[in-house]
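If you want the building blocks of each chain, they are given just below.
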Amino acid sequence: MHNTINTINTINTIQPELTSKVIKEKVKKNIVVDVKNLAAYFGKTKVLKEINLPVPRNKILAIIGPSGCGKSTFLRCINRMHEVVGGTMTGEILFDGKHIMKYDPVQLRRKIGMVFQKPNPFPTMSIFNNVVAGLRLNGVRNKKKLSVIVEQSLKQVALWDEVKDSLQDSGINISGGQQQRLCIARAIAVQPEVILMDEPASALDPISTAKIEELLYELKKNYTIVIVTHNMQQAARVSDLTAFLYMGELIEFDKTSKIFTNPALKQTEDYISGRFG
Amino acid sequence: MEFNLLRRKVNNYVILSLTFIAAAITVLPLLFIFYYTISKGITYLSLDFFINMPKPVGEVGGGMANAIVGTLILIGIGSAIGLPVGIMTGIYLADFGRNKLGKVVGFLTDVLSGIPSIVVGVVAYTLVVIPMRHFSAFAGGIALAILMIPTITRTTEEMIKLVPDSFREAGLALGIPKWKTSVNIVLRSAWKGIATGILLGLARVAGETAPLLFTALGNRFWSTKIFQPIASLTVYIYDYAKSPFSEWNQQAWTASLVLIILISLISLLFKFLTRSKYKSR
Amino acid sequence: MFYKSQLKYKSKTKKKNYFNRLVEAGNWGDLIFERLTQFFALLVFLLVILIGYEMYSGSRLSIQKFGWQFLVTSTWDPVKEIFGALPAIYGTLVSSFLALMISLPLGLGVAIFLSELSPGWLEKPLSFLTELLAGIPSVVYGLWGIFVLVPWLRISVEPFLNKHFGYLPFFRGAPYGFGMLAAALILAIMILPIISSISRDILRSVPDSQREAAFALGATRWEVIKIVLADSRSGILGATMLALGRAIGETMAVTMVIGNRALISPSLFDPGYTMASIIANEFTEASSDLYLSALIELALVLFVITIIINMAARLMVWRMDRKWETVK
């Protein structure tokens, strides 16, 4: 509770005019990921500038903005993948109230799953092994337990009926849309708290995209989702909250309905109505 | 969970340090070989080594003028035969090679590059030495040519394929015949890459010994005649290394040093060419 | 590229007409250019056929006399003119496989270090050094082998192995220095750059999305590398076989340190022979037609073995190259 109020105070100082409604909505929810004054760099280039953004539990937060605005980098800061590619960051990201730098990156990433733009199943592993790859890393060996989790996870992503007879086939012999759902199943099999999605549907056909969007709605019940997308209709359809990033800065953050119907800033309105970006 | 994580992290660090050790071990023999070649070879490295003939057993000093010239002549004969064949075949594979002949020749080029050099020596022996009834620089040159053809063919082909089609189209649109487009535009923009391929091929054959043992044979005297046996640095190193005379052993080290310097010069040229190619782009 | 397809199309439909039109248009140049390059391509084609034929015809005498016995008998006696290649085949295979066992883990370690771990400033010089290793002539390795490696083996390594592991048949007998162990070690050094540089390229060809997927699941760096390795296993197998092909055909360095005796012995201290080193040693001494023919047959066997290995290797590396196109 205390934490939440803190966050809202932070938002207040940055964007005082927006938060009154947010407070009413979010005050009783707790915040899973709390981003404070985050700045991210590649070498000396600053790609994110002082971002403040609370992510409430069991909500879908969409991050929109033109290409190169730092959406993906923002996502990668949260599970410390940014440092894998040689980037650095300053500021604070609190995950369950603890600074992410105080976590072991390996453990942090177990609790914050990620799904990428292009489906990337492991081609040398079967569908079954793809799903349990994360569990195996964590030392789960019990075959029965693994089978249960595989079934659960694949059902959750609505892939079970399509692949239940071919669990031992390679993970790349299925369609792109199925591959992406397999990757989501792989991410949720380790029971993370948060799932980060980096344009998960951009490489897929419309039908697969629709399936993924449906799936997001289901997943919201158990997980908190941060999704990066350049497709504004998608953001409007699936998310509860939307953040608009431009040139590494957080321009506006509010309820999705508010952003898409009555944005506070002209810049946001221009972007949403397609006048730039 | 905690214990599992600890185990995984320990595993991680142990194996990662093993790869570092592997890298160190790999570099070690190289440093050793360089150290010995330089420290032992430098004893006799002087102008004398380049301008004098080998001395008979028991006499101190002498050089390998004939072998140095012989090696250059052998590379020269090899290039005179191998370069045109390799380059033209490469052009064929790149420009006209999408048919059966092209595929077969491409495959055979790979076959050729896998043949051990000693086998190539045997072939050059049966092809050239037996009909001519004596060992010769020419036979050695043929063997070296066969060895350099695959390298040169493949690099030529790849370099030509790297030239964007728009270059050709531009030439053709100007009404230039295809062959002139190929020669003047495509080859001209690919020549640096092809030159590096040539150098790579030369560096490869410069150090060859096995195919020369029973083709060029070796010669203790000064000879530049193409149809006579000829001396080469590598065969000298082999003979002198096996000999019981420490004087000759010493000279083998010096010859190795000279050979490595020769090859390094070739590969330095190669590095230089590849570097300037990327800069211009 | 585009006029090639044009050419193909034309030649399929009206072959004669195409050339006629070229000639009518006074475009002799194109025709000559194509024919000229084609001539050289045919030359390469004929060359390989010729190599195979020459070796077959050169070894006919020996093939007729010994038949398959040549490959399975172990007497190599030039005086009585009895030739069995088994010791040479044994020596070739044992020295090459031993070399592979030593250099595969090392080469893979280097490849992993170069492609996944090493900081940028270290990677370039290290790659350059391993490539230098590949550029040293075989005969220089042999020279180094005779004067540095062999004495070291004779004075320290072999007595040590004999003392502590002498109960194994591999480490028995007098420590000559010259022998199978020396040959295997020098081969290992020589094929290391092949394994490490090809494996490095193959590891690099694995898309980063695979590494990210593993990292995002909470894998440690080594666990990420394990997944990358699994992805590249066929390519690495190909690299290993290319290296094996090189080791089997390697001549000079091995000839200089292996001791050159047609002997089949379990002890690695004992001298041996390889197919390549018999040819190198005895070819100019071959006094009779049958002797020469037997040596040429050895070359033929070597030729066939290396071709099979190389083709298999190239197939694997090639399959690896294609693989990611379906995933991407």
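Below you will find a few notes about this structure.

Reading guide: rules and limits
Residues numbered from 1 in each chain as written. Chains lettered and ligands numbered in written order. Predicted model: local features only at pLDDT ≥ 70, side-chain atom pairs only at ≥ 80, totals over all residues. Heavy atoms only, no water. 1 Å grid on protein atoms, 1.4 Å probe; cavity = no way out; pocket = protein on both sides within 12 Å on 5 of 7 lines; lining within 4 Å. Points joined across faces, edges and corners; volume = space filled by probe spheres on them. Helix = DSSP H or I, 4+ residues; strand = E, 2+ residues; numbered from the N terminus. Nonpolar A, V, L, I, M, F, W, Y, C, P; charged D, E, K, R; others polar. Phe/Tyr/Trp six-rings, centres within 6.5 Å; stacked < 30°, edge-to-face > 60°. Lys NZ or Arg CZ within 6 Å of the ring centre and 35° of its normal. Patch = residues over 30% accessible without salt bridge, like charges linked within 9 Å, V, L, I, M, F, W, Y side chains within 5 Å. Areas by Shrake-Rupley, 256 points an atom, 1.4 Å probe, with all protein chains shown as cover. Salt bridge = Lys/Arg side-chain N within 4 Å of Asp/Glu carboxyl O. Buried < 20%, exposed > 50% of the residue type's maximum accessible area, 1.4 Å probe, protein only. Contact = heavy atoms within 4.5 Å. Pairing = 2+ DSSP bridges. Axes fitted to C-alpha atoms, helices over the stretch in contact; angles between N-to-C directions. Lys, Arg positive; Asp, Glu negative; His and termini not counted. Parallel < 35°, antiparallel > 145°, perpendicular 65-115°, else oblique. Left-handed = near helix turned anticlockwise from the far one by under 90°. Buried area = accessible area lost by both parts, 1.4 Å probe. Polar contact = N/O pair within 3.5 Å; in protein donor to acceptor, adjacent residues only side chain to side chain.

### Considering empty space enclosed by the protein
1) Next: Under the defined criterion, the tally for this structure stands at six cavities of 30 Å³ or more.
2) Next: Here the second largest cavity is characterised by a volume of approximately 70 Å³.
3) Next: Those elements that place two or more of their residues in the lining of the second largest cavity are β6 (112–115) and α8 (176–189) of chain A together with α10 (208–216) of chain C.
4) Next: Among the residues making up the lining of the second largest cavity, the classes are represented as eight nonpolar, two polar and one charged.

### Considerations on the packing of aromatic side chains
1) Next: Tallied over the full model, the rule gives 27 aromatic pairs over all chains.
2) Next: Where Tyr125 of chain B meets Phe214 of chain B, the ring centres are 6.4 Å apart and the plane angle is 85 degrees; that geometry is what we call edge-to-face. Taken together, the positions of Tyr125 of chain B in helix α5 (residues 117–132) and Phe214 of chain B in the loop between α8 (178–206) and α9 (233–242) put the pair 89 residues apart, joining distant regions of the chain.
3) Next: Here the aromatic residues Phe32, Tyr35, Tyr36 and Trp253 of chain B together with Phe147 of chain C are joined through ring pairs into a cluster of three or more.
4) Next: Just above the ring of Tyr103 of chain A sits the side chain of Lys98 of chain A; from NZ or CZ to the centre is 4.6 Å.
5) Next: Over the ring of Phe122 of chain A we find Arg186 of chain A, and its NZ or CZ is 4.5 Å from the ring centre.

### Here's the deal with a nonpolar patch on the surface
Residues and elements named next belong to chain B.
1) Next: Together, Leu6, Val10, Val14, Leu18, Phe20, Ile21 and Ile25 line one region of the surface with nonpolar side chains, adding up to about 630 Å² of accessible area.
2) Next: Turning to its location among the elements, Ile25 is positioned in helix α1 (residues 2–41).
3) Next: Here Ile25 falls in the partly exposed class, since its relative accessible area comes to 38%.

### Things to note about the side chain of Ser136 of chain B
All names here are of chain B.
1) Next: Position of Ser136 among the secondary structure elements: in the loop between α5 and α6 (137–162).
2) Next: With relative accessibility at 0%, the residue Ser136 sits in the buried group.
3) Next: Apart from the residues lying within four places of it in its own chain, the contact partners of Ser136 are Thr215, Ala216, Ile226, Phe227, Gln228 and Pro229.

### Focus on the pairing of β6 of chain A
Residues and elements named next belong to chain A.
1) Next: Alternating residues of β6 divide into Ile112 and Met114 and Gly113 and Val115, and every residue in both groups is buried.
2) Next: Direction of pairing for β6 relative to strand β7 (residues 194–198): parallel, over a ladder of four bridges. By the bridge assignment, Val115 is partnered in β7 with Met197.

### Some thoughts on the sheet that holds β7 of chain A
Residues and elements named next belong to chain A.
1) Next: Pairing is mixed in the open sheet, where six strands are placed in the order β6-β7-β8-β3-β9-β10. Edge strands, defined here as strands with exactly one partner in the open sheet, are β6 and β10 (249–255). Here the strands of the sheet are splayed against their neighbours by 15 degrees on average, with no regard to which way each runs.
2) Next: For strand β9 (residues 241–246) and β10, the ladder comprises six bridges, and the chain directions are antiparallel. Looking at the pairing, Phe244 lines up with Glu252 of β10.
3) Next: Seen against the sheet, helix α3 (residues 71–78) touches β3 (60–64), β6, β7, β8 (224–228) and β9 and runs at an angle of roughly 155 degrees to β7.
4) Next: Across the sheet, α8 lies against β6 and β7, angled at about 170 degrees from β6, the strand it touches most.

### What about the side chain of Glu297 of chain C?
All names here are of chain C.
1) Next: Secondary-structure assignment places Glu297 in helix α15 (residues 289–327).
2) Next: Here Glu297 sits buried without a salt bridge, and the closest side chain of opposite charge, Arg60, lies 11 Å off (N-O distance).
3) Next: In this structure, Glu297 is in contact with Ser59, Ser62, Ile63 and Phe70, ignoring residues within four places of it in sequence.

### Section: the packing of α10 of chain C against helix α11 (residues 221–231) of chain C
Residues and elements named next belong to chain C.
1) Next: Contact pair α10 / α11: the axes reach a minimum separation of 9 Å and the direction vectors enclose 140 degrees. In terms of their interaxial angle, α10 and α11 are classed as oblique. The interaxial crossing formed by α10 with α11 has right-handed handedness. Contacts from Gln210, Arg211, Ala214 and Phe215 of α10 reach α11 at Arg221, Val224, Ile227, Val228 and Asp231.

### A word on the interface of chain C and chain A
It is common to give the size of an interface as the accessible area lost on bringing the parts into contact.
1) Next: Taken together, the contact pairs 21 residues of chain C with 25 residues of chain A.
2) Next: If you sort the residues of chain C by the area they bury against chain A, Glu212, Ala216 and Leu217 of chain C come out on top, with a joint share of 33%.
3) Next: Joining chain C to chain A, the criterion identifies one salt bridge.
4) Next: With its nearest N and O atoms 2.8 Å apart, the salt bridge here joins Arg76 of chain A to Glu212 of chain C.
5) Next: Linking chain C with chain A are four residue pairs in polar contact (both at pLDDT 80 or more).
6) Next: For the side of chain C that touches chain A, the element with the highest residue contribution is α10 of chain C, accounting for seven residues.
7) Next: For the side of chain C that touches chain A, the residue count by class is ten nonpolar, five polar and six charged.

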